[in-house]
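Report on the structure
Next come the chains, spelled out residue by residue.
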Amino acid sequence: MASSLLRSDRAGWGFAIPAFALIGTFIVLPFFFAFYLSLTNQRLISPNPTEFVGIDNYRNLLGVAVVTLEPERGDDGTVLRDEDGNIEYPSLRSVTRNDDTPQYRGMREWFRWSSGDDARVVIARDVVFMKALVNTFTFVLVVAPCQAALALGLALLINQRLRGINVFRGIYYMPVVVSIVVVSLLWRFIYDGQDGLLNNLLSGLTFGMFQPVDWLGNPSTALGSIIVMSIWQAVGFHMVIWLAGLQTISPTLYEAADIEGATKWQRFRFVTWPGLRNTAVLILIVITMQCFALFAQIDVMTKGGPLDSTQTLVFQAVERGYGKQDISGGSTISVLLFLIVLCISLIQRWLTRERT
Amino acid sequence: MATIRLKDVRKNYGEVQVIKGVNIDIDEGEFVVFVGPSGCGKSTLLRMIAGLEDISSGTLEIGGRVVNDLPPKERGIAMVFQSYAIFPHMTVRENVAFGLTLSGTPKAEKERKVAEAARILQMEHLLDRRPSQLSGGQRQRVAIGRAIVRDPAVFLFDEPLSNLDAALRMDMRMEIGKLHQSLNASMIYVTHDQVEAMTLADKIVVLRGGEVMQIGSPMELYHNPANLFVAGFLGAPSMNFMTVDVRDLGAEGATIANGSLDPISVGTKGRPIVKGGKATLGIRPQYIQPTAPDQGMLHGTVALTERLGSETVVDVTLRDGSQVIAAIAEDRVLQPGSEIGLSFDPALAHLFDEALT
């Protein structure tokens with residue numbers, strides 16, 4: 001086999017080699033390089049020699065534990081409460097800085113819940129990473145179905161023979177053509193807490209009843225705001241893919257369905273949707289991958305804040321690798337992200353496989 | 001079973017008129033074939049009957065009910081498409097049952113009807129396959145099966161055999177003929193293939209440019225074509241036409257001749273032939289017999305012969321340079337370039353007042 005590959009004509013190899021070289025240098029090599037770096041303590045610029053640290057980086061990122069805090073009790077054994085009536089617990093430091101429990105050393109609280117009088121505290125070695133993980137998954141789980149469904153709706157709407165339909169196609173596609181950085185900058189003005197367009201619009205619509213919200217400055221609205229903007233920005237791209245799928249469906253199938261007496265919904269259910277199966281798989285995988293790579297919006301709009309409420313995996317990878325010069329930590333996040341996306345893509349492919 | 005009546009049916013796309021006032025009556029259980037060259041509007045007319053195209057003006061009645069504005073499913077029709085239009089993601093069973101599924105028919109009844117259709121079409125063994133595993137003929141069977149289970153008053157076929165190879169086409173043609181006999185439903189069948197039209201039809205409608213040229217039984221059209229177009233369209237090889245001078249006009253017919261044709265008398269069938277004017281003579285190749293060069297009424301030289309075994313098709317160049325084709329019902333060797341005479345029975349010839357175009 002190898003000999004027949006090499007025998008094939010030289011011009012072909014001549015054309016292919018530049019592309020191979022570029023892909024090799026900028027994709028394949030960094031890919032393996034990231035694996036290697038994630039197993040070391042390499043800094044971006046450092047006079048110290050690189051040391052091999054095994055899976056320490058992974059342990060530092062993924063270390064999670066649950067500890068139980070018993071309430072402070074008075075001498076008579078009753079539970080002590082503060083002025084507001086809340087149960088008083090010992091400080092978490094009593095666990096994380098206790099020589100009796102060295103395995104929890106350096107860990108910080110992620111979140112807690114109460115169980116009876118006890119408090120269960122989830123502690124993590126890297127709380128910021130955990131928040132980034134949760135935010136990224138939230139983003140994917142909301143954006144993927146919403147964006148895909150919205151794009152399909154738009155595609156169905158513009159797949160009609162109407163006068164001037166191309167104008168609508170153009171309008172819906174425009175945000176895709178504009179750089180995400182520019183879009184993010186513009187949406188910062190829309191979301192502005194002082195004099196933003198959205199606040200003005202909402203207070204205008206409610207005759208001043210609406211209290212202005214600092215959409216990006218409030219931990220409870222920041223991620224949602226970025227999600228809405230991201231859905232809006234890329235929906236046109238997926239609309240075009242859906243549209244391409246729609247146009248491969250033979251019009252005769254719709255006519256046959258009409259003759260058989262299909263309602264609009266039945267036409268969609270029995271003709272359109274099965275005809276879009278492959279398109280749907282493609283769109284789902286593409287959106288999922290794009291969502292996991294969420295970075296530019298965060299970098300331009302919130303830088304991960306406020307209170308880490310918009311941290312994401314890629315933003316953390318960049319922030320650590322270049323901001324904090326911890327290139328091995330950034331590489332570790334990249335490798336984890338790769339594994340996550342790989343698993344999800346495989347699961348999606350399996351779920352949407354052709355059943356015979 | 002239902003009657004279908006088209007009254008002055010028209011179809012316009014903006015300024016362009018594609019169906020120019022069509023009147024057709026179809027009786028219960030009749031097999032009607034719309035035939036014509038491509039672009040004649042036959043498919044459009046069928047789609048208008050199906051409800052896939054709007055009717056610009058005129059009325060369409062199915063079973064005595066005006067259905068102009070009814071959606072397809074309320075017209076009591078079923079349609080079989082040229083491209084089969086079966087759903088690729090469904091099994092044969094699901095495809096056949098599609099209409100019943102849509103209308104929410106109980107499962108038992110659905111299965112009974114599907115089984116019945118499969119029996120009629122002899123495709124019981126195909127029911128659990130997918131369309132991708134079927135041949136063209138089998139796919140067309142599925143499409144017909146889907147039509148049968150709906151038990152429609154009218155079957156519409158839009159060039160159903162065009163995508164099949166020649167041998168299969170003949171088989172399916174016979175099957176459709178048998179199907180018509182067993183179902184006894186009204187059928188409208190669109191084709192550009194005159195053999196399908198001649199063999200299947202109770203009644204043929206010949207269309208050209210959105211107008212009906214002639215309606216009648218196959219033999220009526222073959223033996224008594226109303227005009228040059230119908231005469232030339234039906235029959236293979238197609239009818240020979242030659243421009244002739246009308247020498248005399250009598251009660252028996254007209255005496256005609258030209259540079260290659262000796263004077264003969266041909267019936268005018270009431271057509272407005274003018275003495276001293278021109279007319280067009282039509283004679284089918286099958287009615288022309290070869291004779292010795294000095295006999296017969298046409299004279300020329302053999303240009304080409306095609307020997308088909310059972311038939312010999314001779315292309316003869318007449319003295320005035322025009323071409324005539326004779327189809328001789330036997331194997332005959334004729335040397336190209338040799339002189340030949342041709343004769344025919346004037347009673348089998350047609351005289352048209354239209355000029356050749």
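Residues numbered from 1 in each chain as written. Chains lettered and ligands numbered in written order. Predicted model: local features only at pLDDT ≥ 70, side-chain atom pairs only at ≥ 80, totals over all residues. Heavy atoms only, no water.

A look at the overall build of chain A
How we decide: Working definition: helices are DSSP H or I runs of at least four residues, strands are E runs of at least two. Numbering for both runs from the N terminus. A radius of gyration in this sense is built from C-alpha atoms; the matching globule rule multiplies 2.2 Å by the number of residues raised to 0.38. Throughout this description, buried means an accessible area under 20% of the type-specific maximum (1.4 Å probe, protein chains only), exposed means over 50%, and partly exposed covers the range between. Contact definition: two residues touch when any of their heavy atoms are within 4.5 Å. Lys and Arg are tallied as positive, Asp and Glu as negative. Neither His nor the chain termini are counted. To locate a charge, take NZ of a lysine, CZ of an arginine, CG of an aspartate or CD of a glutamate.
Looking only at helices and strands, chain A features 15 helices and three strands. Computed over the C-alpha atoms, the radius of gyration of chain A is 27 Å, more than 25% above the 21 Å expected from 2.2 N^0.38 for a compact globule of 356 residues. If you line up chain A on its principal axes, its C-alpha atoms span 85 × 75 × 45 Å. Relative to its full complement of 356 residues, chain A shows a buried share of 38%. Restricting to contacts in chain A with at least 6 residues of sequence separation, those with at least 24 account for 61%. Separation between the mean location of the 28 positive side-chain charges and that of the 28 negative ones in chain A comes to 14 Å.

A word on the pattern of salt bridges
Two side chains bearing opposite charge may form a pair once their charged atoms approach each other closely. Residues and elements named next belong to chain A. The condition is simple: Here, a salt bridge means any Lys or Arg side-chain nitrogen found within 4 Å of an Asp or Glu carboxyl oxygen.
Applying the stated criterion across every chain yields a total of 23 salt bridges over all chains. The partner of Asp-126 in a salt bridge is Arg-320, and the shortest N-O contact between them spans 2.6 Å. Taken together, the residues span a long stretch of sequence, with Asp-126 in the loop between strand S3 (118-124) and helix H5 (127-158) and Arg-320 in helix H14 (residues 313-323) at a distance of 194 residues. Exposure class is identical for Asp-126 and Arg-320. Each is buried.

Overview of helix H12 (residues 277-292) of chain A
Residue and element names in this part refer to chain A. Quick note on the threshold: To estimate the expected span of a helix, subtract one from its residue number and multiply by 1.5 Å.
Along its 16 residues, H12 runs 23 Å from first to last C-alpha, staying within 8% of the 22 Å computed at 1.5 Å per residue. Taken together, the buried positions of H12 are Thr-279, Ala-280, Val-281, Ile-283, Ile-285, Ile-287, Thr-288, Cys-291 and Phe-292. Looking at the buried positions of H12, the neighbouring elements they touch are H5, helix H9 (222-246), helix H11 (264-275), H14 and helix H15 (327-351).

Observations regarding the interface of chain B and chain A
Stated precisely, the cut-off is as follows: Summed over both partners, the accessible area (1.4 Å probe) lost when two parts come together is defined as the buried area. The definition of a polar contact used here is a pair of N or O atoms within 3.5 Å, where within protein one atom must be able to donate a hydrogen and the other to accept one, and adjacent residues in sequence count solely through side-chain atom pairs. Any residue outside Ala, Val, Leu, Ile, Met, Phe, Trp, Tyr, Cys, Pro, Asp, Glu, Lys and Arg is labelled polar, Gly included; the first ten of those are nonpolar and the last four are charged.
In this complex, chain B contributes 23 residues to the contact, which on the side of chain A involves 15 residues. For the pairing of chain B and chain A, the buried interface totals around 1,600 Å² over both sides, and the portion due to carbon and sulfur atoms is 68%. Along the contact surface separating chain B from chain A lie three salt bridges. Between Arg150(B) and Glu260(A) there is a salt bridge whose closest N-O contact spans 3.4 Å. Summed over the shared surface of chain B and chain A, the result is six residue pairs in polar contact (both at pLDDT 80 or more). For the side of chain B that touches chain A, the elements supplying multiple residues, two or more each, are helix H1 (42-50), strand S6 (77-80) and helix H3 (98-102) of chain B. Looking at which element gives the most residues to the side of chain B that touches chain A, the answer is H3(B), with four residues. Class assignment for the residues of the side of chain B that touches chain A results in 14 nonpolar, four polar and five charged.

Digging into the sheet that holds strand S2 (residues 108-115) of chain A
Residues and elements named next belong to chain A. The cut-off we apply is this: Strand pairing is defined by DSSP finding a minimum of two bridges between the two strands. Every axis corresponds to a line fitted to the C-alpha atoms, with the helix fit spanning only the stretch in contact, and the corresponding angles, defined between N-to-C directions, vary from 0 to 180 degrees.
Within the open sheet, the three strands sit side by side as S1-S3-S2. Their pairing is antiparallel. Of all the strands in the sheet, just strand S1 (64-69) and S2 have a single pairing partner and so form its edges. Across this sheet, the average inter-strand angle for adjacent strands is 25°, counted without regard to direction. Looking at chain direction, S2 and S3 are connected through seven bridges and run antiparallel. Within the sheet, the bridge partner assigned to Phe-111 lies in S3 and is Val-122. Across the sheet, H5 is in contact with S1, S2 and S3; its angle to S2 comes to roughly 70°.

As for the environment of Ser94(A)
Residue and element names in this part refer to chain A. Following the sequence through the fold, Ser-94 ends up in helix H4 (residues 93-96). A relative accessible area of 35% places Ser-94 in the partly exposed class. A C-alpha to C-alpha distance of 9.4 Å links Ser-94 and Leu-69, two positions 25 residues apart in sequence.

Concerning the environment of Leu126(B)
Residues and elements named next belong to chain B. Assignment of secondary structure puts Leu-126 in the loop between helix H4 (107-120) and helix H5 (136-149). Leu-126 gets classed as buried once you look at its relative accessible area, which sits at 1%. Between the C-alpha atom of Leu-126 and that of Val-142, which follows or precedes it by 16 residues, the distance is 9.1 Å. Aside from chain neighbours lying at most four places away, what touches Leu-126 is Val-92, Leu-134 and Gln-138.

Observations regarding the pairing of strand S11 (residues 240-249) of chain B
Residue and element names in this part refer to chain B. Relative to strand S14 (residues 278-283), S11 runs antiparallel, the two sharing six bridges. The residue of S14 that forms the bridge with Phe-241 is Gly-282. Direction of pairing for S11 relative to strand S12 (residues 254-257): antiparallel, over a ladder of four bridges. Pairing of Asp-248 across the sheet is with Thr-255, part of S12. Linking S11 to S12, which pair antiparallel, is a turn of four residues; within it Gly-253 sits at a positive phi near 155°.

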